[in-house]
Amino acid sequence: MRRNILLLLLLVAVCCLVAVGQSARPASQTQPVAASSFDSAVKPFLAKNCYGCHNEKLSSGSLDLTQFKTSASIAAHRDRWDLILRRVKSGEMPPAAMPRPNETELRAATKWMEGEFDRVDALAKPDPGRVTARRLNRAEYNYTVKDLLGVDFRPADDFPQDDTGYGFDTIGDVLSLSVVQMEKYLSAAESVARTAVYGPQVSKPTMARYQPAGRRRPGDFDNLFFNTHPWLSVNDYDESGLSMPNSFHVMHLFPVTAEYVIRATPDNGSRPPGSEALEMAAFVDGKVVGTTTVDGQLEGKTQEFRTKITAGEHWIAVGFPRQFEGLPLLYGAKNPSKRPAPPPRGRRGGFNGAPGGGAGRGGAGNGGALPGAGPNLTGAPGGGTPLTGPPGQPNPQSAALTGAPPGDPGLTGPPGAGRAGRGGAGGANAGAANNNDDAASNVFFTPAGAPPGTRLARPDNMGIQSLEIGGPHNPEVHPSADSLKKVAICDIRIAGCDRKILTNLARLAYRRPVTKEDVDPLMAQIARVKQRGDSPEEQLVVGIEALLVSPSFLFRVEKDRAPKSTPASRVAAKPEAAEPSADAHYLSDFELASRLSYFLWSSMPDDELLRVATQGTLRRPEVLNAQVRRMLKDPKMSRFVENFGGQWLQFRGLESHQPDFYLYPAFDNYLRISMVRETEMFFENLIREDRNILEFLDADYTFANEYLGQYYGLRDVKGPEFRKVSLATTPRRGILGQASMLTISSYGNRTSVVLRGKWVLENLLNAPPPPPPANVPDLEQTKIGVDATLRQKMESHRANAVCASCHSKMDPIGFGLENFDATGNWREKDGKSPINAVGTLPDGRTFNGPVELSKVLRTESNAFAQCLTEKVMIYALGRGLEPYDRLALKKITTGVAANQYRFSSLVLEIVKSLPFQMRRGERAKI
Amino acid sequence: MINTGKHLSRRTLLRGLGVSIALPMLDSMVPAFAAPARVNGAMPVRLGFTYVPNGMCMADWTPKTSGKDFEITPILKQFEPFKNDMFVLGNMQDHNGNALGDGGGDHARAGGSFLTGVHPKKTSGKDIQVGISVDQIAANAIGATTKVRSLELSCEDSRTVGNCDSGYSCAYSNSFSWRGPSTPNPPETNPRAVFERLFGGDDITLPPEVRAKRMADRRSILDLAQEQTQKILGTLGSTDRRKMDEYLTAVREIESKIQRAEKEGVVEVSPDFERPTGVPFAYADYAKLMLDLAALAFQTDSTRVVTIVLGREGSLRTYPEIGVPDGHHPLSHHGNRPESLAKLSIINQFHAGLYAQFLAKLKATPDGDGTLLDHCLLMYGSGLSDSNRHLHENLPIALFGRGDGNIKPGRFIPYEKPTPMTNLYMTMLTTAGVKAETIGDSTGKVEHLAEV
């Protein structure tokens with residue numbers, strides 16, 4: 001009887017909730033619902049819908065739900081219950097094959113669970129957790145010595161790779177210090193100190209050599225620019241050469257301002273016979289620093305450019321400006337060649353790189369015996385007037401002259417042999433390509449408006465096979481202006497200056513005020529070096545070295561303090577529901593300042609932040625607020641984008657990701673560099689304009705240069721500079737439309753719906769799938785697209801209920817993105833099969849294609865906010881998150897949502913949160 | 001005047017670009033170093049541990065006949081010139097690489113357990129825990145006599161993003177060598193850094209007086225660093241103190257290295273000497289350079305313990321240069337398809353061939369009354385056998401060298417019962433004069449090595 005009344009009350013309560021939407025957002029109600037309980041709402045639900053598989057005997061997925069007999073089990077097995085709640089709410093469980101649970105009962109059960117979670121969380125003593133003392137990681141070391149001493153040569157790039165935990169390299173527990181690491185710190189300290197005082201330490205000139213990932217194979221029918229880069233035509237292309245596929249781009253770190261030699265070696269190609277000489281240009285940061293000309297056969301004709309380059313990382317490129325000018329008239333391009341056409345060759349393959357059968361192919365007005373061959377060969381219609389006659393048919397006579405074999409189907413066969421250029425009527429007729437002869441390159445070009453079958457030597461047959469950067473020559477060895485400013489705050493020949501310098505540097509390096517006790521030992525080093533007769537500069541060098549190997553510099557240590565001790569100024573704002581646990585204490589203002597600066601700038605606090613901490617005002621809400629906002633506006637936020645963004649969105653991995661060169665010829669180094677820059681600029685812009693973080697999911701804009709813009713189908717984007725572009729006319733939205741994400745979530749030779757789905761779940765929705773079971777058989781990759789689509793192959797995921805429990809979440813997302821190939825390029829087909837981009841989530845929502853997918857994801861605003869919050873917390877705190885952080889996380893996400901999800905509110909909420917402001921002490925164990 | 005040595009800036013995009021370097025004439029250095037002192041009248045034993053990832057095509061490894069005339073299978077063919085200097089051991093296992101209830105993560109576990117014999121604690125961040133590895137046990141005992149305690153090299157860089165295997169911290173897959181249960185000893189991947197570690201950095205071409213001053217400076221500032229650390233230690237909790245201990249240990253070790261170098265005097269090298277300046281683009285060149293450096297380290301007695309990783313466990317490297325464009329890891333999930341197995345075997349033979357060049361160098365180096373190879377004990381193998389099923393049993397293991405002269409190689413010994421790898425390590429340690437009770441899951445030593 002009582003039970004019925006309870007159920008009735010429950011029903012009433014539930015009816016009120018029915019009006020609430022279908023979304024999977026967790027409710028944030030904290031009052032316990034008296035009407036239902038574990039026994040009345042949850043256990044029966046589990047018994048009806050779950051015990052069938054999750055019982056003691058079967059224990060599906062290693063989960064036996066029958067052992068959870070009371071509500072206390074929830075607190076005891078919180079992680080499991082989190083997962084259970086999530087999977088039940090999203091509809092993953094029960095698996096699709098099983099009957100659906102009653103909606104009312106489902107809602108009652110989940111609501112009870114959520115309420116219980118909240119209740120338990122609210123009761124727990126707030127625990128700020130503790131972070132283990134952590135050493136500077138590579139990025140932090142580089143940026144800290146730059147900010148401290150103006151030294152920019154990135155010494156930590158030589159350090160061993162930092163170990164990562166939870167996806168980030170800032171985790172105190174995981175960052176270990178091996179002997180090798182210490183040796184590196186020591187030698188870095190020496191180089192950095194010497195560079196700061198004397199200038200760059202340069203040894204003999206060396207040569208760095210770069211090569212593109214692959215070389216075009218002569219027989220590749222597809223690799224004509226106009227096929228692989230369809231936005232190009234001989235009359236509409238980037239005349240600077242920078243955004244052309246045959247340019248070559250690298251980022252190179254120059255150790256010192258000096259003269260450098262850029263040596264570019266063209267590859268095995270040539271211009272069409274009769275063309276004018278070709279210009280090659282070298283660029284530094286997008287500006288031309290030198291040009292040369294190459295003529296005729298290109299191979300091996302290494303070109304040298306000598307120029308002065310300043311120290312630091314620069315973008316170096318080599319390309320061919322105006323490369324479709326100076327071509328023979330037949331090509332229909334600008335400024336045609338004034339050179340006479342060379343005489344026809346008697347044998348095939350006459351010109352290196354030119355199709356030997358170029359002779360006799362093509363039916364341009366002059367008979368087209370040779371590209372640009374002019375009238376003297378073939379007695380074509382209108383012969384005598386070289387290049388203006390109407391296009392004619394392929395002339396068998398000319399073929400005879402050039403010795404093409406009779407009956408060569410290439411001459412009279414169907415148009416499009418060799419996949420001539422897009423401008424041509426030749427079109428893309430793959431089958432005919434097999435008719436080509438044994439010439440060095442079987443790729444031909446058909447000019448726009450030329451008769452079908454016109455085949456000229458390809459006009460894009462040049463590229464770079466290697467780029468070498470040699471130097472430095474005549475280096476300017478002196479401390480940088482930045483170093484002078486930061487180090488030489490007085491004249492070291494004057495007494496007392498060295499102490500002044502070291503005191504100043506120590507204060508910044510140790511990130512706190514320094515005492516005589518700190519500085520005296522450094523002065524002792526100086527005295528020792530002085531005593532053996534070395535110069536004041538040398539003395540200073542050793543003093544700085546000592547600073548840079550000190551544990552106070554290398555480690556960020558937070559000291560245990562008396563519990564609940566208050567620092568100089570207290571945060572008044574957020575009263576806690578309960579008093580923090582007995583061992584919790586506030587960080588000192590300096591420790592807080594360090595946390596802030598390493599979080600946002602990957603470096604030490606600057607002068608102002610340190611000053612505020614010294615004054616003891618950092619904790620005042622208005623001061624803290626102002627400082628954080630100041631830091632958010634500082635250009636140093638680019639480091640946050642680079643380090644946090646690079647690991648969260650994983651574009652750091654693009655450094656070593658190499659898609660198959662022959663499958664994806666458009667993916668060259670320039671595209672790689674550009675796609676990383678795009679994502680960085682997107683994130684930097686979001687921070688700078690304090691935008692809504694949900695734009696990661698559905699922004700209809702991005703940043704692109706010409707190469708990337710054209711890659712995305714935006715035909716108006718010209719020029720190598722990056723600028724904001726609208727994506728409204730494209731199917732790309734947010735991060736899911738950016739090539740960086742689409743590439744890093746693919747294999748080198750194909751896409752993977754599972755990888756992409758997993759990427760989204762892990763990095764955007766905070767719902768990482770568990771690892772696959774052992775013994776999963778490999779996917780038969782070679783057959784995808786040939787005898788079955790990827791979708792069909794993935795059906796086996798659906799067939800098995802256990803597989804489906806995870807794959808029903810992952811695969812649909814991946815399918816939604818299948819139109820993007822493994823390098824982020826849009827495609828309509830995968831091999832022979834048209835792409836089907838429909839996906840259906842376990843809760844029934846469907847979408848077709850990336851735009852609809854982004855709309856669906858946008859509704860998961862809470863999940864995304866929580867996800868980003870967690871990741872930023874892990875990165876900023878330097879530890880993984882624990883159950884006791886839940887309450888703080890909830891507060892943060894609520895605060896962020898209340899502020900239109902602005903990025904600044906995310907940062908501020910995190911900074912004000914308990915785990916960021918306080919830490920838990922550890923009883924010292926002897 | 002442009003030096004033909006090539007230089008690579010690490011920040012630049014390594015994989016997609018080609019970098020070639022001139023292989024330096026390392027051999028020219030050897031005469032500059034004195035021969036190692038004998039230990040109890042015999043030449044010191046050098047220990048090596050070399051790892052290849054993702055198991056092997058076992059059918060092409062395991063000989064069908066045992067004993068002295070064991071079958072030379074396709075992979076072992078690469079080692080044929082050393083047939084009489086080697087053992088092939090069968091039925092070796094790494095039991096702690098198995099899940100043992102922890103679910104997925106065989107590659108991380110293989111990495112963490114292979115040289116330690118301990119089941120790695122499953123954690124993606126905090127409190128990583130495994131055990132001390134065999135090479136470090138050896139280094140603790142015999143490392144003090146050489147300039148470098150031990151050398152760890154790898155021909156594959158670690159992952160830069162994302163999580164590693166299934167909930168295991170990347171620390172487990174990055175390091176095979178562990179100084180202690182929570183202290184990974186990551187390998188060096190840059191040949192230049194290895195060279196500098198062995199023979200000195202830019203200093204090497206400075207005049208001796210300047211070098212002496214620099215060494216004195218280093219010692220002095222490291223002294224100061226230790227004092228500073230001692231002051232801080234008292235204010236720290238125990239977890240933090242452990243981190244500081246790592247720092248102190250490292251500092252002390254470098255100091256003793258410097259002291260030794262000051263005593264022994266510095267080696268004079270001409271200013272034009274070429275040294276490796278970066279990572280070669282082609283894998284074969286890279287591996288060969290690292291192996292050459294390992295050989296040089298032995299030849300100059302700069303160290304007696306070397307760990308070489310030819311590929312990280314779980315390696316995705318492709319080998320298009322030998323006709324295998326597939327990623328190694330996906331390929332190792334061969335599903336028993338003949339084409340996949342054949343390609344996997346090609347990779348295995350490739351690795352073996354590279355290692356054979358290393359062995360040849362050691363065999364060609366005189367050492368005491370014999371060759372350097374005679375006085376080595378070098379283990380070569382993988383922590384997985386059939387990687388398709390992630391098996392940690394019946395591992396492909398070979399042992400090269402004669403150690404202290406008491407073992408009689410030239411045989412394939414398939415043990416009757418599954419034998420822990422750590423038993424082999426016990427034997428290796430004892431042979432090298434290192435006293436150890438146990439290591440990881442060892443139950444004793446391996447048998448039959450000393451009998452015919």
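Residues numbered from 1 in each chain as written. Chains lettered and ligands numbered in written order. Predicted model: local features only at pLDDT ≥ 70, side-chain atom pairs only at ≥ 80, totals over all residues. Heavy atoms only, no water.

Draft legend 1. Seen up close, the overall build of chain A. Along the backbone of chain A there are 31 helices and 20 strands. When each of the 926 residues of chain A is scored for burial, the buried share is 60%. Long-range contacts, defined as pairs at least 24 residues apart, comprise 72% of the intrachain contacts of chain A with a sequence gap of at least 6. (Helix = DSSP H or I, 4+ residues; strand = E, 2+ residues; numbered from the N terminus. Buried < 20%, exposed > 50% of the residue type's maximum accessible area, 1.4 Å probe, protein only. Contact = heavy atoms within 4.5 Å.)

Draft legend 2. Expanded view of the interface of chain A and chain B. Taken together, the contacts link 89 residues of chain A with 78 residues of chain B. Buried surface at the junction of chain A and chain B, summed over both partners, amounts to about 7700 Å²; 52% is from carbon and sulfur atoms. Ranking the residues of chain A by area buried against chain B places Gln 161, Val 179 and Glu 655 of chain A at the top, with a combined share of 8%. Run the count over chain A and chain B and you get 10 salt bridges. In this structure, Lys 184 of chain A engages Glu 188 of chain B in a salt bridge whose closest nitrogen and oxygen atoms are separated by 3.0 Å. Linking chain A with chain B are 21 residue pairs in polar contact (both at pLDDT 80 or more). The greatest single-element share of the side of chain A that touches chain B, amounting to eight residues, is contributed by helix H7 (residues 179-198) of chain A. (Buried area = accessible area lost by both parts, 1.4 Å probe. Salt bridge = Lys/Arg side-chain N within 4 Å of Asp/Glu carboxyl O. Polar contact = N/O pair within 3.5 Å; in protein donor to acceptor, adjacent residues only side chain to side chain.)

Draft legend 3. Structural detail: helix H30 (residues 903-912) of chain A. Most of H30 of chain A sits inside the fold, with nine of its 10 residues counted as buried. Among the residues of H30 of chain A, Phe 903, Ser 904, Ser 905, Leu 906, Val 907, Leu 908, Glu 909, Ile 910 and Val 911 of chain A are the ones counted as buried.

Draft legend 4. Expanded view of the state of the cysteines. All names here are of chain A. Within the structure shown, the criterion is met by one disulfide over all chains. In this model, Cys 490 is linked to Cys 497 through a disulfide, with the two sulfur atoms separated by 1.9 Å. With the S-S bond torsion at 95 degrees, the cross-link from Cys 490 to Cys 497 turns out right-handed. Summary of cysteine pairing: Cys 53 is not part of a disulfide, and the nearest cysteine sulfur, belonging to Cys 50, is at 9.0 Å. (Disulfide = S-S within 2.5 Å.)

Draft legend 5. Representation of the pattern of salt bridges in the model. Applying the stated criterion across every chain yields a total of 77 salt bridges over all chains. In this structure, Arg 723 of chain A and Glu 721 of chain A form a salt bridge, with 3.3 Å as the shortest nitrogen-oxygen distance. We classify Glu 721 of chain A as partly exposed; its relative accessible area is 46%. Among the ionic pairs, Arg 304 of chain B bridges to Asp 301 of chain B, the shortest N-O distance being 2.8 Å. Comparing Arg 304 of chain B with Asp 301 of chain B, the two get one shared label, buried. Through salt bridges that share partners, Arg 130, Glu 558, Asp 560, Arg 595 and Arg 919 of chain A together with Asp 240 of chain B make up one connected network.

Draft legend 6. Molecular detail of the nonpolar core. Met 182, Phe 599 and Phe 903 of chain A are the most contacted members of the largest nonpolar core, which totals 193 residues. Core analysis: the second largest hydrophobic core is formed by 55 residues, Leu 76, Leu 153, Ala 287 and Ala 352 of chain B among them. (Core = buried A, V, L, I, M, F, W, Y, C linked by side-chain atoms within 4.5 Å.)

Draft legend 7. Broad picture of the packing of aromatic side chains. Residue and element names in this part refer to chain A. Enumeration according to the criterion identifies 50 aromatic pairs over all chains in this entry. Arranged with centres 6.3 Å apart and planes meeting at 40 degrees, the rings of Trp 648 and Phe 864 form a pair that is tilted. Here Trp 648, found in helix H19 (residues 637-648), pairs with Phe 864, found in helix H28 (residues 861-877); they are 216 residues apart in sequence, far enough to count as distant. Of the two residues, Trp 648 and Phe 864, both sit in the buried class. Looking at Phe 864, the relative accessible area reads 0%, which means it is buried. (Phe/Tyr/Trp six-rings, centres within 6.5 Å; stacked < 30°, edge-to-face > 60°.)

Draft legend 8. Quick peek at the environment of Pro 720 of chain A. Residue and element names in this part refer to chain A. Following the sequence through the fold, Pro 720 ends up in the loop between helix H22 (706-711) and strand E15 (723-726). Along the primary structure Pro 720 and Ile 910 are separated by 190 residues, whereas in three dimensions their C-alpha atoms are 38 Å apart. Every residue in contact with Pro 720, bar those within four places of it in the chain, is listed here: Leu 242, Trp 315, Tyr 670 and Asn 705.

Draft legend 9. Here's a closer look at H7 of chain A. Over its 20 residues, H7 of chain A runs 28 Å from end to end, which matches the ideal 28 Å to within 8%, given 1.5 Å per residue. Note on H7 of chain A: the residue one or two positions beyond its end, Gly 199 of chain A, has a positive phi of about 110 degrees. (Expected span 1.5 Å × (residues − 1).)

Draft legend 10. A look at the sheet that holds strand E2 (residues 206-210) of chain A. Residue and element names in this part refer to chain A. Spatial ordering of the open sheet is given by E2-E11-E4-E7, a layout of four strands whose pairing is antiparallel. Sheet topology places E2 and strand E7 (303-309) at the edges, where each strand pairs with a single neighbour. If you compare each strand with its neighbour and ignore which way they point, the axes differ by 20 degrees on average. Of the pairings in the sheet, the one linking E2 to strand E11 (residues 464-473) comprises five bridges and is antiparallel in character. Opposite Ala 208, over in E11, you have Ile 469 as the bridge partner. (Pairing = 2+ DSSP bridges. Axes fitted to C-alpha atoms, helices over the stretch in contact; angles between N-to-C directions.)

Draft legend 11. Examining the sheet that holds strand E6 (residues 287-294) of chain A more closely. All names here are of chain A. A sheet is described by the order of its strands in space; here four strands give the open sequence E3-E8-E5-E6, paired in antiparallel fashion. The strands lining the two open edges of the sheet, one partner per strand, are strand E3 (248-254) and E6. In this sheet, adjacent strand axes meet at a mean angle of 20 degrees when their direction is disregarded. Here seven bridges tie E3 to strand E8 (residues 312-319), and the two strands are oriented antiparallel to one another. Pairing of Val 250 across the sheet is with Ile 316, part of E8. Seen against the sheet, helix H20 (residues 669-688) touches E3 and E8 and runs at an angle of roughly 65 degrees to E3.

Draft legend 12. Fine view of the environment of Cys 50 of chain A. Residues and elements named next belong to chain A. Inspection of the secondary structure assignment puts Cys 50 in the loop between helix H2 (38-49) and helix H3 (72-76). Take Cys 50: its relative accessible area is 13%, and that puts it in the buried class. Considering only alpha carbons, one finds Cys 50 and Lys 125, 75 residues apart in sequence, at a separation of 33 Å. Ignoring any residue separated from it by four or fewer positions in sequence, one finds Cys 50 in contact with Phe 45 and Leu 65.

Draft legend 13. Just the pairing of strand E5 (residues 278-284) of chain A, in detail. Residue and element names in this part refer to chain A. Burial within E5 is extensive, with six of its seven residues counted as buried. Sheet topology places E5 next to E6; seven bridges connect them, and they run antiparallel. Within E6, the position partnered with Met 280 by the bridge is Thr 292. Taken together, E5 and the strand that follows it, E6, pair antiparallel across an intervening segment of two residues, in which Asp 285 is found at a positive phi of about 55 degrees. Of the strand pairs in this sheet, E5 and E8 are connected by four bridges, and their pairing is antiparallel. Among the inter-strand pairings, Ala 282 is bridged to a residue of E8, identified as Val 318.

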